[in-house]
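Close look at the chain arrangement
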Amino acid sequence: MASGLEARAATNMNAVRDTMDVLLEISRILNTGLDRETLSICVRLCEQGINLEALSSVIKELRKVTEALKAAENMTADFLEKF
Amino acid sequence: MATPDQKSPNVLLQNLCCRILGRSEADVAQQFQYAVRVIGSNFAPTVERDEFLVAEKIKKELIRQRREADAALFSELHRKLHSQGILKNKWSILYLLLSLSEDPRKQPSKVSSYAALFAQALPRDAHSTPYYYARPQSLPLSYQDRSAPSAPSSGSMGSSGISSVSLCGLSGPAPTPQPLLPGQSHQAPGIGDCLRQQLGSRLAWTLTANQPSLQTTTSRGIPNTARNVTRSRREGDTGGTMEVTEAALVRDILYVFQGIDGKNIKMSNTENCYKVEGKANLSKSLRDTAVRLAELGWLHNKIRKYTDQRSLDRSFGLVGQSFCAALHQELKEYYRLLSVLHSQLQLEDDQGVNLGLESSLTLRRLLVWTYDPKIRLKTLAALVDHCQGRKGGELASAVHAYTKTGDPYMRSLVQHILSLVSHPILSFLYRWIYDGELEDTYHEFFVASDPTVKTDRLWHDKYTLRKSMIPSFITMDQSRKVLLIGKSINFLHQVCHDQTPTAKMIAVTRSAESPQDAADLFTDLENAFQGKIDAAYFETSKYLLDVLNKKYSLLDHMQAMRRYLLLGQGDFIRHLMDLLKPELVRPATTLYQHNLTGILETAVRATNAQFDSPEILRRLDVRLLEVSPGDTGWDVFSLDYHVDGPIATVFTRECMSHYLRVFNFLWRAKRMEYILTDIRKGHMCNAKLLRSVPEFSGVLHQCHILASEMVHFIHQMQYYITFEVLECSWDELWNKVQRAQDLDHIIAAHEVFLDTIISRCLLDSSSRALLNQLRAVFDQIIELQNAQDAIYRTALEELQRRLQFEEKKKQHEIEGQWGVTAAEEEEEEKRVQEFKESIPKMCSQLRILTHFYQGIVQQFLVLLTTSSDESLQFLSFRLDFNEHYKAREPRLHVSLGTRGRRSSHT
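This is a predicted model, so every value here is computed, not measured.

Conventions we followed
Residues numbered from 1 in each chain as written. Chains lettered and ligands numbered in written order. Predicted model: local features only at pLDDT ≥ 70, side-chain atom pairs only at ≥ 80, totals over all residues. Heavy atoms only, no water. Helix = DSSP H or I, 4+ residues; strand = E, 2+ residues; numbered from the N terminus. Buried < 20%, exposed > 50% of the residue type's maximum accessible area, 1.4 Å probe, protein only. Contact = heavy atoms within 4.5 Å. Areas by Shrake-Rupley, 256 points an atom, 1.4 Å probe, with all protein chains shown as cover. Salt bridge = Lys/Arg side-chain N within 4 Å of Asp/Glu carboxyl O. Polar contact = N/O pair within 3.5 Å; in protein donor to acceptor, adjacent residues only side chain to side chain. Core = buried A, V, L, I, M, F, W, Y, C linked by side-chain atoms within 4.5 Å. Phe/Tyr/Trp six-rings, centres within 6.5 Å; stacked < 30°, edge-to-face > 60°. Axes fitted to C-alpha atoms, helices over the stretch in contact; angles between N-to-C directions. Parallel < 35°, antiparallel > 145°, perpendicular 65-115°, else oblique. Nonpolar A, V, L, I, M, F, W, Y, C, P; charged D, E, K, R; others polar. Lys, Arg positive; Asp, Glu negative; His and termini not counted. Pairing = 2+ DSSP bridges. pLDDT = per-residue confidence, 0-100.

1. A short note on the overall build of chain B
For chain B, the helix and strand inventory stands at 37 helices and 6 strands. Counting every position in chain B, which comprises 906 residues, the buried fraction comes to 47%. The contacts in chain B between residues at least 6 apart in sequence include a share of 72% that link residues at least 24 apart. Surface summary for chain B: the accessible area is close to 45,200 Å², and the carbon and sulfur share equals 54%.

2. Here's the deal with the overall build of chain A
When you go through chain A residue by residue, the secondary structure sums to 3 helices and 0 strands. Working note: accessible area of chain A is about 4,300 Å², and carbon and sulfur atoms make up 59% of it.

3. Quick notes on the pattern of salt bridges
As a working rule, side chains carrying opposite charge can pair if their charged atoms are close by. Residues and elements named next belong to chain B. Counted under the stated rule, the structure contains 36 salt bridges over all chains. Residues Glu330 and Arg376 are paired through a salt bridge, measuring 2.9 Å at the closest nitrogen-oxygen approach. With Glu330 in helix H15 (residues 317–351) and Arg376 in helix H17 (residues 371–386), this pair connects stretches of sequence that are 46 residues apart. The same class applies to Glu330 as to Arg376, namely buried. In this structure, Glu333 and Arg336 form a salt bridge, with 3.0 Å as the shortest nitrogen-oxygen distance.

4. What to know about unusual backbone geometry
All names here are of chain B. Backbone geometry places Ser553, a non-glycine residue, at a positive phi of 40 degrees. Summarising the element assignment, Ser553 is placed in the loop between helix H24 (525–552) and helix H25 (554–564). With a relative accessible area of 18%, Ser553 lands in the buried category.

5. Considering the side chain of B:Thr866
Residue and element names in this part refer to chain B. Tracing the backbone through its elements, the reader meets Thr866 in the loop between helix H35 (822–865) and helix H36 (870–879). Taking the relative accessible area as the measure of exposure, Thr866 reaches 19% and is therefore buried. A distance of 3.0 Å separates a polar atom in the side chain of Thr866 from the backbone oxygen of Leu863.

6. Remarks on the nonpolar core
Ranked by internal contacts, the top residues of the largest apolar core, which has 197 residues, are B:Phe323, B:Phe446, B:Phe572, B:Phe637, B:Trp667, B:Phe696 and B:Phe713. A total of 18 residues in this core trace back to one element, the largest contributor, which is helix H32 (residues 696–739) of chain B. In contact with B:Trp667, other than residues within four places in its own chain, are B:Leu567, B:Ile573, B:Leu576, B:Met577, B:Leu580, B:Leu584, B:Trp634 and B:Phe637. If you look at the next biggest cluster of nonpolar residues, it comprises 49 residues, including A:Cys42, A:Cys46, A:Ala54 and A:Leu55.

7. Re the packing of aromatic side chains
Residue and element names in this part refer to chain B. On inspection of all chains with the given rule, the structure shows 18 aromatic pairs over all chains. Seen in terms of ring centroids, Phe428 and Phe445 are 5.6 Å apart; in terms of plane orientation they differ by 45 degrees. Their pairing is tilted. Pair noted here: Phe428 is in helix H19 (residues 408–435) and Phe445 is in the loop between H19 and strand E3 (447–449), with a separation of 17 residues, a long-range link. Across the pair, Phe445 and Phe428 agree in class, each one buried. What links up through ring pairs into an aromatic cluster is the set Trp634, Phe637, Phe663 and Trp667.

8. Describing the packing of helix H26 (residues 570–584) of chain B against helix H31 (residues 653–689) of chain B
Each pair of packed helices can be summarised by the angle the axes make with each other and by the distance between the axes. Residues and elements named next belong to chain B. Contact geometry of H26 with H31 gives a least axis separation of 11 Å together with a crossing angle of 80 degrees. When the axes of H26 and H31 are compared, the pair comes out roughly perpendicular. The residues of H31 that touch H26, namely those facing Ile573, Arg574, Leu576, Met577, Leu580, Lys581 and Leu584, are Trp667, Lys670, Arg671, Tyr674 and Asp678. Residue composition of the contact of H26 with H31, by class: 7 nonpolar, no polar and 5 charged.

9. A few points about H36(B)
Every buried residue belonging to H36(B) is among B:Ser871, B:Leu872, B:Gln873, B:Leu875, B:Ser876 and B:Leu879, and all of these are buried. Of the surrounding secondary structure, the elements contacted by the buried residues of H36(B) are H32, helix H33 (743–760), helix H34 (768–815), H35 and helix H37 (884–888) of chain B.

10. What about the packing of H32(B) against H33(B)?
All names here are of chain B. In the contact formed by H32 and H33, the axes pass within 9 Å of each other and the chain directions differ by 170 degrees. Between H32 and H33, the interaxial angle falls into the category roughly antiparallel. Between H32, through Tyr720, Glu724, Val725, Leu726, Ser729, Trp730, Leu733, Lys736 and Val737, and H33, the contact on the second element is made entirely by Ile746, Ala749, His750, Val752, Phe753, Thr756, Ile757 and Arg760.

11. Topic: the side chain of B:Glu444
Residue and element names in this part refer to chain B. Relative to the helices and strands, Glu444 is located in the loop between H19 and E3. Buried charge without a salt bridge: Glu444, with Lys391 as the nearest opposite-charge side chain at an N-O distance of 6.5 Å. A distance of 2.8 Å separates the side chain of Glu444 from the backbone nitrogen of Leu318, its partner in a polar contact. Beyond its immediate sequence surroundings of up to four residues, Glu444 is in contact with Phe316, Gly317, Leu318, Val319, Gly320, Gly392, Gly393, Phe428, Arg466 and Met469.

12. Some words on the pairing of strand E2 (residues 273–276) of chain B
Residue and element names in this part refer to chain B. Covered by surrounding structure in E2 are Tyr274 and Val276 only, the residues Cys273 and Lys275 on the alternate face being uncovered. Sheet topology note: the strand E1 (residues 265–268)/E2 ladder contains 4 bridges and is antiparallel. The residue bridging Ile265 from the neighbouring strand is Val276, located in E2.

13. Thoughts on the pairing of strand E6 (residues 637–641) of chain B
Strand residues, when the strand is regular, have side chains that alternate between the two faces of the sheet. In terms of residue burial, E6(B) counts as a mostly covered element, since 5 of its 5 residues are buried. Here E6(B) shows two buried faces, one formed by B:Phe637, B:Leu639 and B:Tyr641 and the other by B:Ser638 and B:Asp640.

14. Structural notes on the environment of B:Pro471
As for its placement among the helices and strands, B:Pro471 is situated in the loop between strand E4 (463–465) and helix H21 (476–494). Contacts of B:Pro471, omitting those with residues within four sequence positions, involve B:Gly393, B:Ala396, B:Ser397, B:Ile425 and B:Phe446.

15. Overview of the environment of B:Gln569
Residue and element names in this part refer to chain B. Take Gln569: it is sitting in the loop between H25 and H26. Relative accessible area serves as the criterion here: at 13%, Gln569 is assigned to the buried category. Here the alpha-carbon distance between Gln569 and Ala609, two residues 40 residues apart in the chain, equals 7.6 Å. Not counting chain neighbours up to four residues away, the residues in contact with Gln569 comprise Arg563, Asn608 and Ala609.

16. A few points about the confidence of the model for chain B
All names here are of chain B. Summary statistics for chain B give a mean pLDDT of 75 and a share of 75% for residues scoring 70 or more. Taken together, the stretch residues 1–5 has pLDDT below 50 and engages in 7 contacts with residues farther than four places along the chain or on a different chain. Within the model, the stretch residues 107–241 combines pLDDT values under 50 with 148 contacts to residues more than four positions away or in other chains. Across the interface, the model reports ipTM at 0.83; the global pTM reads 0.61.

Next up, the structure:
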């Protein structure tokens, strides 16, 4: 039985991995910019029934923040470089 | 992966923040707070749960981006995903991925990043600031990003017909969807643009409103059950049981809405309603609901039948056609609703199994959605019923009757239809009053033109009012005015040959004709429309009267009639009569017209009549009436006045015949007057002469008495005719004509004038007895004249003879013979004896005449006192002022009754 469980766990994990692969592929096609980790977190959140609109807006905001920060860093870096 | 599946959402969220930002947990604190707040704020609750729908969307998106290969790849992957049963909410992750996807062609907007940058800088250092103030831009930005694309689409939805109350926004109240629109922008803009574009705003509202009730927070268990239920339902359908499912009913109902019989619901012609087939295994509530919904189909059929029938009817006319067009438009809106419902049904069919209960079509949903359309269709069906068999102005009246309702929804609908329906009528009307043209092939307008009438009767007969076609929003007075205006314009153009364009005539600017005008008509009926009609009326009539008076001198002709035909010009008449006397004594057959005309002209030249305008004198003429045997010239002579052109409209042939009758009467009376004057003259002349024939004095005395009586009688009659009849009526007529506002007034006043004269001159049928008496009196007068002439002749002869005798005697004495021989004296004696014997004959003749005359006058007086005309009664008083006749006539002794009248005796 234990082996059955293990086997099932194994197949489960395989299935999970496959699913993740598929999802990753889809997200690549759709140009979402999500990596595996983020995607897995998202999947988990979705499975728990989060408000999708809210989640997607949050992600978009966070991305904007990241870009802004990067841009700021670049600018300051350039600035510093000049001098 | 060893990571446990069940981490708390918060932890997950934090991890997410860390991952995306690429920082450690401590740094992401405020972002994390923000994220928590956003997730908790719950501002976009609506998402469709259909995995396939989302998949379709993704495919569409990819195709839109021209990445067909990727789309195919995606389909492949989706299939693989679908086969794996690991994920429970496949749709959610797919949806998330979709919403996060970026179009590789799209440029990142720089503005927002900078804004975010600046918003960022401050609060990162100042942790104490509450973050929602810190990030004002980002929150609304994302908000607006979402609402901005949805706003135009919601704007376009406002015009969608299903819940719109008024079609063209003419006169209806503000459409009720308006308040929904701002609300909608708060609704899930991303709900699925295709769904939103398909449905009307209200439908979308109702559909999406169902979603929040089943929020994602509690969603885990329910979608499963929903899916299970649908699955079982579907299986039930394909199982082929006798049970009629709601879905099948819904399908049927959608067909019934269009008037097509469904599988289970059919039209029963005997009862004229839709019935669900009895053998179908249906729950009672479903059956009832289905039947209620079928009413819509019945209403639709009714309206459709009407419009179809009418479109085949060739003679339906413009008004009817516009009515049908309005109905068509309404039906088109209805069909739009039906197509939306159909597409919804289609969607359910296509998407197959996994549609949740919440968004499918049920009978209840249909009931709610078709409530407003049902009211609309009911109103339209009622209108159709009411308007059966009517056309033209009647139809407009029927529709107008329906605007008198308290329900504003119905009223606005019917008013809209009314404005469309009355537009042709108003265009007819404006054309008529501004141009005088009438192009009414289907006889819909209330002014009717009779094409068989020639121009000489144009004013009286050509244009009439078709009373049945007067719409109920145009009063009788207005319609009469309208008729008059158009008639005047046509009259001017055709009869007066006055081609002045209407624009010059009428200072009123012609308003543009449009359905807007028609709508204005009903909101501002009292002022603008009435004002237009009144202005046109005044201007046109004034111009017409001006033309008639200046160019055709209507009033001058009227006065000329008075002077010549009604014997107003005394000196001319007197002279004419003097000249005509020798002519007219001859028998009528020997008279020639040109002789008489010559005499007429002599008379004109010799009197004041020569100063009249030549136009008038040209029209004056002699007319010889029909000759009956035994007539003298007096009986057939008449003056005539020629009229033509526009004047003939006022002085019609009937009027002229009336004038001639009156002339005849007046002429006779005048003749009597002159006869008596002659008799009087004779008296004067011969009185002295005949003093020497004393035997005559008795006869002559009687003659004088009779003549005086007759003179008195005629005198009173003449006074009555001249002053009480002619002058008074003429004064009235002249006043009215001066004050007249249009030609109709003049014609009416003139007719009243003639009627009064005729009745007062005893020429109408009710005074036949009086007239006969009068004629008898006149005859007696003529008799007297003849008798008197005879008497004078004899007397003068006798006088002559006696004088001769005396002459002879003197002669003989001068010659020395016997003055008178015995034989001569005897002869003379005999002659005188003969003469004396003839005197009693003359006396008795005169006595008979007197008696006869007096009898007639008494009869006349009795008739006068019993007449209803007051002035005739007064005439009787004047005629019998010293009660000379009353003494002789027992009937005149009866006292006057309470009303001042003697009741008539037989």
